[in-house]
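Here is how the chains run, residue by residue.
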Amino acid sequence: MAISRRPGKYAKKQAARQAKRDKSAPAAQRTGFILTVVDGAKLGQEYFFEHSAEIGRVETNDIVLVEPGISRTHVKIYDDVGIFVVEDAGSANGTRLNGELVSEPEVLRDGDYITLSQTTMQFSLLDAARGEITTQTNLSEIEASAVDATGTKEDPGLHEKRGFLKTTRGRLSLLLGLFMLTGVGYYLVFVRSSGQLAAADLSDVPVAYSDEDDFFSKVFGNGQYDDTHKYQLMVNFEYLGGRATLQYGAWDVDKVGEIQILLNGERVGQIPLTMKRWVYGLKLVLPRGKLKKGKTNQIVFKNKRAEANEEPWGICYLQILQEAIPPPDPKEARQQFDLAKKSWEDQDIEPSNMYTALAGFRKARNLLEGLEKRPTLFQDAVDYIDKVDKALTRKFSDGLFSARRAEKLDGDPSKARTVLLRTRRYFHKDDFRYREITRNLDALAHY
């Protein structure tokens, strides 16, 4: 996959182009989407579409790419009842959305990256300038906007404060305040910049893992929500035995191998590409042979690029899920698998059937894991777990996106609550997605 250039390099150019478009087109006409080539032979070219686009190597496509690995018609982008969707058109080499292979139609969001062969394009909504939200938007940001708006109103006692400054006491208070601000400014400019403020970077300070909501809701890294972990995050936890799965969300990983995952000093994985968006539900089963039972273990997210240059990155929804492995029981495993498959097939009848299926496939896997020679049913269960969990994560992401759109763009918090409540029905209370949806619902309680 060719993503050799960081998307941030083109931010200023894209902003200038967007400003030019805003001036040249009336607001009512700014609909559709733009595809901007950010890597490949047609670097810098922009393509505007109102409803749909097809990309491939033959002339009948809307965008023609003649390069190795491009199929006749490679990928399609189209409007599906008010949202734009990307779908691989049966290409030989596949299409990637933010680094992940597209196996079925995926919802597109402003700022997503679409890669086919050696070409990467950025997807941009034309109505983004009118308030179209992206995956970077949080529901809590509305509260900040409300504070900003109320903060512009003049304080009723402002005239009294102005009169106070005319007195001798007021002038002395003002001089003292200026003196203190000068001292603080000196401290920030000289002390902090010289590196003496060690607490500014907590990369080398381990964090104690917890299953509590306070820990779960934290964001770590170097970005908008936390800038105290410049190049790594160290997490200490106790291993109790059985299967241990690392689960997390990540943001702004735009180079393969940029952030490595270490367990007790040994590399066990890496974060996949996420680009300028949050990707949730990422998982890594920690190898049992590298875990120390009953002792303190350490997970490290190490940003290799940030060691030399300050790089933005983020980790959220961090969990270390530990499960006991039951004694093998192939007969019970088959029953659990068949029940789970039936629930999966009935997902359209009741939303909770999807999670019931996930739980059943997990039970089937666990009941076969202890066997020395595992049957094909074990791998079937593992494949279904991956398939169902990805489908649930899409429901989660789409639900949050639709709720934010309803609240911020449509100004309808009631609709946002309805969307969140409907989405929450897909999950059980012990799932991180249920907890996050509930947190967003609580944030809407002030309406």
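These lines cover the structure that appears in this document, whether it is placed above or below.

Calculation criteria
Residues numbered from 1 in each chain as written. Predicted model: local features only at pLDDT ≥ 70, side-chain atom pairs only at ≥ 80, totals over all residues. Heavy atoms only, no water. Helix = DSSP H or I, 4+ residues; strand = E, 2+ residues; numbered from the N terminus. Buried < 20%, exposed > 50% of the residue type's maximum accessible area, 1.4 Å probe, protein only. Contact = heavy atoms within 4.5 Å. Pairing = 2+ DSSP bridges. Phe/Tyr/Trp six-rings, centres within 6.5 Å; stacked < 30°, edge-to-face > 60°. 1 Å grid on protein atoms, 1.4 Å probe; cavity = no way out; pocket = protein on both sides within 12 Å on 5 of 7 lines; lining within 4 Å. Points joined across faces, edges and corners; volume = space filled by probe spheres on them. Nonpolar A, V, L, I, M, F, W, Y, C, P; charged D, E, K, R; others polar. Axes fitted to C-alpha atoms, helices over the stretch in contact; angles between N-to-C directions. Salt bridge = Lys/Arg side-chain N within 4 Å of Asp/Glu carboxyl O. Parallel < 35°, antiparallel > 145°, perpendicular 65-115°, else oblique. Left-handed = near helix turned anticlockwise from the far one by under 90°. Core = buried A, V, L, I, M, F, W, Y, C linked by side-chain atoms within 4.5 Å.

Some points on the overall build of the protein
Link 1 in the chain: In terms of helices and strands, the protein carries 10 helices and 20 strands.
Link 2 in the chain: Here the protein holds 447 residues, and 45% of them are scored as buried.
Link 3 in the chain: At a minimum sequence separation of 6, the contacts of the protein that also span at least 24 residues come to 65%.

Structural notes on the sheet that holds strand β1 (residues 33-39)
Link 1 in the chain: With antiparallel pairing, the six strands of this open sheet are ordered in space as β2-β1-β11-β10-β7-β8. Each edge of the sheet is formed by a strand with only one pairing partner; in this case those strands are β2 (46-49) and β8 (100-101).
Link 2 in the chain: Bridging between strand β7 (residues 96-97) and β8 involves two bridges; their strand directions are antiparallel. The residue bridging Leu-97 from the neighbouring strand is Glu-100, located in β8.

Some words on the packing of aromatic side chains
Link 1 in the chain: Tallied over the entire structure, the rule returns 19 aromatic pairs.
Link 2 in the chain: An angle of 40° between the planes, with centres 5.2 Å apart, marks the rings of Tyr-280 and Tyr-317 as tilted. With Tyr-280 in strand β18 (residues 278-285) and Tyr-317 in strand β20 (residues 313-323), the pair connects residues that are 37 residues apart, well separated along the chain.
Link 3 in the chain: The exposure class assigned to Tyr-280 is buried, which follows from its relative accessible area of 11%.

Points about empty space enclosed by the protein
Link 1 in the chain: Under the criterion given, the structure shown has two cavities of 30 Å³ or more.
Link 2 in the chain: As a volume, the second largest cavity reaches approximately 60 Å³.
Link 3 in the chain: Forming the boundary of the second largest cavity are 13 residues, of which Gly-223, Gln-224, Tyr-225, Trp-251 and Trp-278 lie nearest the centre.
Link 4 in the chain: Elements represented by at least two residues in the lining of the second largest cavity include exactly β13 (219-222) and β20.
Link 5 in the chain: The dominant element in the lining of the second largest cavity, judged by the number of residues it contributes, is β13, at four residues.
Link 6 in the chain: Per-class residue counts for the lining of the second largest cavity are six nonpolar, six polar and one charged.

Thoughts on the sheet that holds β20
Link 1 in the chain: Across the sheet, which stays open at both edges, the four strands sit in the order β13-β20-β15-β18 with antiparallel pairing between neighbours. Every other strand in the sheet has two partners, leaving β13 and β18 as the edge strands with one partner each. Neighbour-to-neighbour, the strand axes of the sheet open up by a mean angle of 25°, direction not taken into account.
Link 2 in the chain: As defined by bridge partners, strand β15 (residues 243-251) adjoins β20 across eight bridges and the pair is classed as antiparallel. Paired with Leu-246 across the strands is Ile-320, a residue of β20.
Link 3 in the chain: Along the sheet, helix α8 (residues 376-409) contacts β18 and β20; its crossing angle with β18, the most-contacted strand, is approximately 155°.
Link 4 in the chain: Its contacts with the sheet put helix α10 (residues 432-443) on β15, β18 and β20, and the angle it makes with β20 is roughly 130°.

Some thoughts on the environment of Gly-221
Link 1 in the chain: Here Gly-221 shows up in strand β13.
Link 2 in the chain: Remark: the alpha-carbon pair of Gly-221 and Ile-315, spanning 94 residues in sequence, is separated by 6.1 Å.
Link 3 in the chain: The residues touching Gly-221, leaving out its near neighbours within four places in the chain, are Asp-226, Asp-227, Thr-228, His-229, Trp-313 and Gly-314.

Overview of the environment of Glu-372
Link 1 in the chain: Checked against the element boundaries, Glu-372 lands in the loop between α7 (352-369) and α8.
Link 2 in the chain: Assessed through its relative accessible area of 87%, Glu-372 is described here as exposed.

Topic: the pattern of salt bridges
Where side chains of opposite charge bring their charged atoms close, a pairing between them can arise.
Link 1 in the chain: Taken as a whole, this structure holds 21 salt bridges when the rule is applied.
Link 2 in the chain: In this structure, Asp-398 engages Arg-109 in a salt bridge whose closest nitrogen and oxygen atoms are separated by 2.7 Å. Within this pair, whereas Asp-398 is found in helix α8, its partner Arg-109 is found in the loop between β9 (106-107) and β10 (113-116), the two being separated by 289 residues in sequence.
Link 3 in the chain: What makes Arg-109 buried here is its relative accessible area of 4%.

Some remarks on the packing of α7 against α8
Link 1 in the chain: The contact between α7 and α8 brings their axes to 9 Å, and the two run at 150°. Taken together, the axis directions place α7 and α8 in an arrangement best described as roughly antiparallel. Handedness of the crossing formed by α7 with α8: left-handed. Between α7, through Met-354, Tyr-355, Leu-358, Phe-361, Arg-362, Ala-364, Arg-365, Leu-368 and Glu-369, and α8, the contact on the second element is made entirely by Leu-377, Phe-378, Ala-381, Val-382, Tyr-384, Ile-385, Val-388, Asp-389, Ala-391, Leu-392 and Lys-395.
Link 2 in the chain: Residue composition of the contact of α7 with α8, grouped by class: 15 nonpolar, no polar and five charged.

Brief notes about the pairing of strand β19 (residues 296-303)
Link 1 in the chain: The buried count for β19 comes to six of eight residues, which makes it a mostly enclosed element.
Link 2 in the chain: Where strand β14 (residues 232-238) lies against β19, seven bridges are found, and the strand directions are antiparallel. Bridging from a neighbouring strand, Val-235 pairs with Ile-299 of β19.
Link 3 in the chain: Inspection of the sheet shows strand β16 (residues 259-263) paired to β19 by five bridges, in the antiparallel sense. Bridge pairing in β19 places Ile-261 opposite Phe-301.

Focus: the packing of helix α9 (residues 413-424) against α10
Link 1 in the chain: Close contact between α9 and α10 brings their axes to 10 Å; oriented N to C, the two are set at 160°. With respect to α10, the element α9 is oriented roughly antiparallel. When the axes of α9 and α10 are compared, the crossing they make is left-handed. The residues of α10 that touch α9, namely those facing Arg-417, Leu-420, Leu-421, Thr-423 and Arg-424, are Tyr-434, Ile-437, Thr-438, Asn-440 and Leu-441.
Link 2 in the chain: Taken together, the residues of the contact of α9 with α10 break down into five nonpolar, three polar and two charged.

Regarding the nonpolar core
Link 1 in the chain: The biggest cluster of nonpolar side chains holds 40 residues, and the ones touching the most others in it are Trp-344, Phe-361, Leu-392, Phe-396 and Phe-427.
Link 2 in the chain: Only β18, β20, α6 (330-345), α7, α8, α9 and α10 provide two or more residues apiece to this core.
Link 3 in the chain: Among the elements that line this core, the one with the most residues is α8, at 12 residues.
Link 4 in the chain: Those residues in contact with Phe-396 that sit more than four places away from it in its chain are Tyr-280, Tyr-317, Thr-423, Phe-427, Phe-432, Arg-433, Glu-436 and Ile-437.
Link 5 in the chain: Judged by nonpolar contacts, the second largest core, of 29 residues, contains Phe-220, Leu-246, Ile-261 and Leu-282.

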